[in-house]
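Residue-level listing of the chains:
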Amino acid sequence: MTSTTALNPVLRVAPAGPAAAAVYFRASLAFHADVSDVAAALAADGDPGFVVLDSRSTDAWDQGHVPGAVHLPTALIAEQAEQLLDRAVPVVTYCWGPGCNGATRAALALAELGFQVKEMLGGFEYWVREGFEYETWEGRERRAADPLTAPVGAEDCGC
(Lines give C-alpha, C1' and ligand atoms only; values in the text may rest on other atoms or scores of the structure.)
Protein backbone atom coordinates (compact mmCIF):
# COMPACT_ATOMS: atom_id res chain seq x y z
CA MET A 1 0.00 0.00 0.00
CA THR A 2 1.30 3.48 -0.90
CA SER A 3 1.56 6.17 1.73
CA THR A 4 -0.84 9.14 1.36
CA THR A 5 2.03 11.59 1.78
CA ALA A 6 3.98 9.99 -1.07
CA LEU A 7 1.07 10.70 -3.44
CA ASN A 8 0.01 14.04 -2.03
CA PRO A 9 2.03 16.94 -3.54
CA VAL A 10 1.21 19.16 -0.57
CA LEU A 11 2.61 16.76 2.00
CA ARG A 12 5.34 15.17 -0.13
CA VAL A 13 7.66 17.45 1.79
CA ALA A 14 6.47 17.52 5.39
CA PRO A 15 5.47 20.86 6.93
CA ALA A 16 8.03 22.55 9.13
CA GLY A 17 7.68 22.08 12.85
CA PRO A 18 5.74 24.76 14.73
CA ALA A 19 8.84 26.50 16.12
CA ALA A 20 10.54 26.70 12.72
CA ALA A 21 7.30 27.86 11.10
CA ALA A 22 6.90 30.63 13.69
CA VAL A 23 10.44 31.86 13.01
CA TYR A 24 9.86 31.84 9.24
CA PHE A 25 6.47 33.60 9.32
CA ARG A 26 7.64 36.19 11.87
CA ALA A 27 10.58 36.97 9.59
CA SER A 28 8.26 37.21 6.58
CA LEU A 29 6.18 39.86 8.35
CA ALA A 30 9.36 41.86 9.03
CA PHE A 31 9.90 42.08 5.26
CA HIS A 32 6.35 42.46 3.93
CA ALA A 33 3.21 44.52 4.46
CA ASP A 34 -0.06 44.02 2.65
CA VAL A 35 -2.08 46.63 0.80
CA SER A 36 -4.91 46.70 3.35
CA ASP A 37 -2.57 47.28 6.28
CA VAL A 38 -0.72 50.06 4.43
CA ALA A 39 -4.02 51.71 3.50
CA ALA A 40 -5.32 51.47 7.07
CA ALA A 41 -2.14 52.99 8.50
CA LEU A 42 -2.22 55.84 5.98
CA ALA A 43 -5.92 56.52 6.66
CA ALA A 44 -5.47 56.69 10.45
CA ASP A 45 -4.98 60.03 12.11
CA GLY A 46 -1.38 61.05 12.56
CA ASP A 47 1.92 59.94 11.15
CA PRO A 48 1.88 56.30 10.00
CA GLY A 49 5.58 55.97 10.91
CA PHE A 50 6.68 55.05 7.36
CA VAL A 51 6.86 56.48 3.86
CA VAL A 52 5.48 54.72 0.77
CA LEU A 53 7.78 54.58 -2.24
CA ASP A 54 6.62 53.91 -5.81
CA SER A 55 9.57 52.37 -7.65
CA ARG A 56 7.98 52.36 -11.12
CA SER A 57 8.69 54.52 -14.18
CA THR A 58 7.34 58.02 -14.63
CA ASP A 59 4.82 56.75 -17.21
CA ALA A 60 3.54 54.18 -14.70
CA TRP A 61 3.43 56.82 -11.92
CA ASP A 62 1.36 59.09 -14.16
CA GLN A 63 -1.16 56.27 -14.78
CA GLY A 64 -1.82 56.13 -11.05
CA HIS A 65 -0.09 55.89 -7.68
CA VAL A 66 -0.79 55.66 -3.97
CA PRO A 67 -1.69 59.13 -2.64
CA GLY A 68 1.23 60.63 -0.75
CA ALA A 69 3.76 58.16 -2.13
CA VAL A 70 7.27 59.27 -3.04
CA HIS A 71 8.17 58.55 -6.66
CA LEU A 72 11.66 57.11 -7.03
CA PRO A 73 12.27 54.62 -9.85
CA THR A 74 14.53 51.76 -8.82
CA ALA A 75 17.26 52.82 -11.28
CA LEU A 76 17.55 56.19 -9.49
CA ILE A 77 17.61 54.98 -5.88
CA ALA A 78 21.40 54.96 -5.52
CA GLU A 79 21.73 58.59 -6.61
CA GLN A 80 18.54 60.12 -5.15
CA ALA A 81 17.40 58.18 -2.08
CA GLU A 82 19.50 60.19 0.35
CA GLN A 83 17.92 63.47 -0.84
CA LEU A 84 14.32 62.20 -0.83
CA LEU A 85 14.16 59.90 2.18
CA ASP A 86 14.99 60.05 5.88
CA ARG A 87 17.02 57.05 7.10
CA ALA A 88 15.16 57.17 10.41
CA VAL A 89 11.79 56.52 8.71
CA PRO A 90 10.99 53.03 7.40
CA VAL A 91 10.16 52.79 3.69
CA VAL A 92 7.44 50.61 2.15
CA THR A 93 8.14 49.94 -1.53
CA TYR A 94 5.71 48.96 -4.23
CA CYS A 95 5.65 48.38 -7.99
CA TRP A 96 2.95 47.11 -10.38
CA GLY A 97 1.80 43.93 -8.71
CA PRO A 98 2.55 40.37 -7.72
CA GLY A 99 3.93 39.55 -11.15
CA CYS A 100 6.61 42.24 -10.87
CA ASN A 101 9.68 42.15 -8.63
CA GLY A 102 10.45 45.87 -8.98
CA ALA A 103 9.47 46.55 -5.37
CA THR A 104 11.80 43.76 -4.26
CA ARG A 105 14.69 45.26 -6.25
CA ALA A 106 13.90 48.71 -4.83
CA ALA A 107 13.77 47.33 -1.29
CA LEU A 108 17.13 45.63 -1.81
CA ALA A 109 18.70 48.83 -3.14
CA LEU A 110 17.38 50.81 -0.16
CA ALA A 111 18.49 48.18 2.37
CA GLU A 112 21.98 48.21 0.86
CA LEU A 113 22.01 51.99 1.43
CA GLY A 114 21.09 51.50 5.09
CA PHE A 115 17.33 52.17 5.01
CA GLN A 116 14.77 50.12 6.95
CA VAL A 117 12.42 48.74 4.33
CA LYS A 118 9.40 46.53 3.71
CA GLU A 119 7.75 45.51 0.46
CA MET A 120 4.01 46.08 -0.07
CA LEU A 121 2.61 42.77 -1.31
CA GLY A 122 0.25 43.13 -4.26
CA GLY A 123 1.65 46.46 -5.40
CA PHE A 124 -0.36 49.10 -7.20
CA GLU A 125 -2.54 46.45 -8.85
CA TYR A 126 -3.97 45.25 -5.55
CA TRP A 127 -4.17 48.80 -4.19
CA VAL A 128 -6.62 49.56 -7.01
CA ARG A 129 -8.32 46.13 -6.95
CA GLU A 130 -9.06 46.47 -3.24
CA GLY A 131 -10.86 49.75 -3.94
CA PHE A 132 -8.44 52.25 -2.41
CA GLU A 133 -8.20 55.77 -3.77
CA TYR A 134 -5.29 56.53 -6.09
CA GLU A 135 -3.93 59.60 -7.84
CA THR A 136 -3.31 60.25 -11.53
CA TRP A 137 -2.19 63.38 -13.34
CA GLU A 138 -5.94 64.19 -13.66
CA GLY A 139 -6.68 63.91 -9.92
CA ARG A 140 -7.93 61.28 -7.50
CA GLU A 141 -9.86 58.20 -8.58
CA ARG A 142 -11.28 55.07 -7.02
CA ARG A 143 -12.63 51.85 -8.51
CA ALA A 144 -15.05 49.49 -6.87
CA ALA A 145 -13.36 46.74 -4.89
CA ASP A 146 -12.86 43.47 -6.76
CA PRO A 147 -14.80 40.84 -4.78
CA LEU A 148 -11.99 38.35 -5.47
CA THR A 149 -9.50 40.51 -3.55
CA ALA A 150 -11.55 42.35 -0.91
CA PRO A 151 -14.92 41.85 0.77
CA VAL A 152 -17.54 44.11 -0.81
CA GLY A 153 -18.84 46.71 1.64
CA ALA A 154 -16.61 45.68 4.54
CA GLU A 155 -13.99 47.85 6.23
CA ASP A 156 -11.42 45.05 6.30
CA CYS A 157 -11.00 41.42 5.33
CA GLY A 158 -10.79 40.17 8.88
CA CYS A 159 -7.36 38.62 8.49
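This one's a predicted model, so the numbers in the text were calculated from it and none came from an experiment.

One pass over the structure, following the stated rule, counts six salt bridges. Its salt-bridge partner being Arg87, residue Glu82 comes within 2.2 Å of it at the nearest N-O pair. On the basis of relative accessibility, which here comes to 44%, the residue Glu82 falls in the partly exposed class. Residue Asp146 is joined to Arg129 by a salt bridge in which the shortest nitrogen-to-oxygen separation is 2.6 Å. A residue pair is termed long-range when its members are at least 10 positions apart, and Asp146 in the segment after strand E7 (139-141) and Arg129 in helix H7 (residues 123-129) qualify at 17 residues. By relative accessible area, Arg129 is classed as partly exposed at 24%. Through salt bridges with shared partners, a single ionic network connects Glu125, Arg129 and Asp146.

Here the focus is the nonpolar core. Within the largest apolar cluster, 16 residues are counted, with the highest numbers of intra-cluster contacts made by Val38, Val52, Val66, Ala69, Tyr94, Met120 and Trp127. For this core, the secondary structure elements donating two or more residues are helix H3 (35-43), strand E4 (91-94) and H7. The residues contacting Ala69, other than those within four sequence positions of it, are Val52, Trp61 and Tyr94. With 13 residues, the next largest nonpolar core counts Val70, Ile77, Ala81 and Ala106 among its residues.

The description of an aromatic ring pair uses the distance of the two centres, along with the angle that the planes make with each other. Inspection of the entire model under this criterion finds five aromatic pairs. Note on Tyr94 and Phe124: the rings are 6.5 Å apart at their centroids and 25° apart in plane angle, and the pair reads as stacked. Taken as a pair, Tyr94 in strand E4 and Phe124 in helix H7 lie far apart in primary sequence, 30 residues in all. Owing to a relative accessible area of 0%, Tyr94 belongs among the buried residues under this scheme. Ring geometry for Trp127 and Phe132: centres 5.1 Å apart, planes at 45°, overall tilted. On the basis of relative accessibility, which here comes to 4%, the residue Trp127 falls in the buried class. For Phe132, a relative accessible area of 22% corresponds to the partly exposed category.

This next bit is on the pairing of strand E2 (residues 51-54). Two faces, one strand: in a regular strand the side chains alternate between the faces of the sheet. Because side chains alternate across E2, one face comprises the buried residues Val51 and Leu53, and the other comprises Val52 and Asp54, equally buried. With four bridges connecting them, E2 and E4 associate as parallel partners. Along E4, the bridge assignment pairs Leu53 with Thr93. One ladder, built from two bridges, connects E2 with strand E3 (residues 70-71); its direction is parallel. Across the sheet, residue Asp54 finds its bridge partner in E3, namely His71. Handedness of the crossover is the feature at issue here: the chain leaves E2, passes through helix H4 (residues 58-63), returns alongside E3, and the resulting connection is right-handed.

Scoring rules and cut-offs
- Each chain has its residues counted from 1, running along the sequence as written.
- Given that this is a predicted model, residues contribute local features only at a pLDDT of at least 70 and side-chain atom pairs are listed and counted only at 80 or more, while totals for whole chains, interfaces and linings are drawn from all residues.
- Note that the side-chain values use all heavy atoms of the structure and ignore hydrogens as well as water.
- We define a salt bridge as a contact between a side-chain nitrogen of Lys or Arg and a carboxyl oxygen of Asp or Glu at a distance within 4 Å.
- Per-residue accessibility, obtained with a 1.4 Å probe over protein chains only, is compared with the maximum for each type, and a residue is labelled buried under 20%, exposed over 50%, and partly exposed between these values.
- Strands here mean DSSP runs of E at least two residues long; helices mean DSSP runs of H or I at least four residues long; both are numbered from the N terminus.
- Here the nonpolar core consists of buried residues drawn from Ala, Val, Leu, Ile, Met, Phe, Trp, Tyr and Cys, with membership extended through side-chain atoms lying within 4.5 Å.
- It only takes one pair of heavy atoms within 4.5 Å for two residues to be counted as in contact.
- Put simply, two rings from Phe, Tyr or Trp (the six-membered ring, in Trp's case) pair if the centres are within 6.5 Å, and we call them stacked under 30 degrees between planes, edge-to-face over 60, tilted for the rest.
- Any two strands with at least two DSSP-identified bridges between them are counted as paired.
- Whether a crossover is right-handed comes down to one check: with the strands pointing away from the viewer, does the path from the first strand over the helix to the second run clockwise; if it does, it is right-handed.

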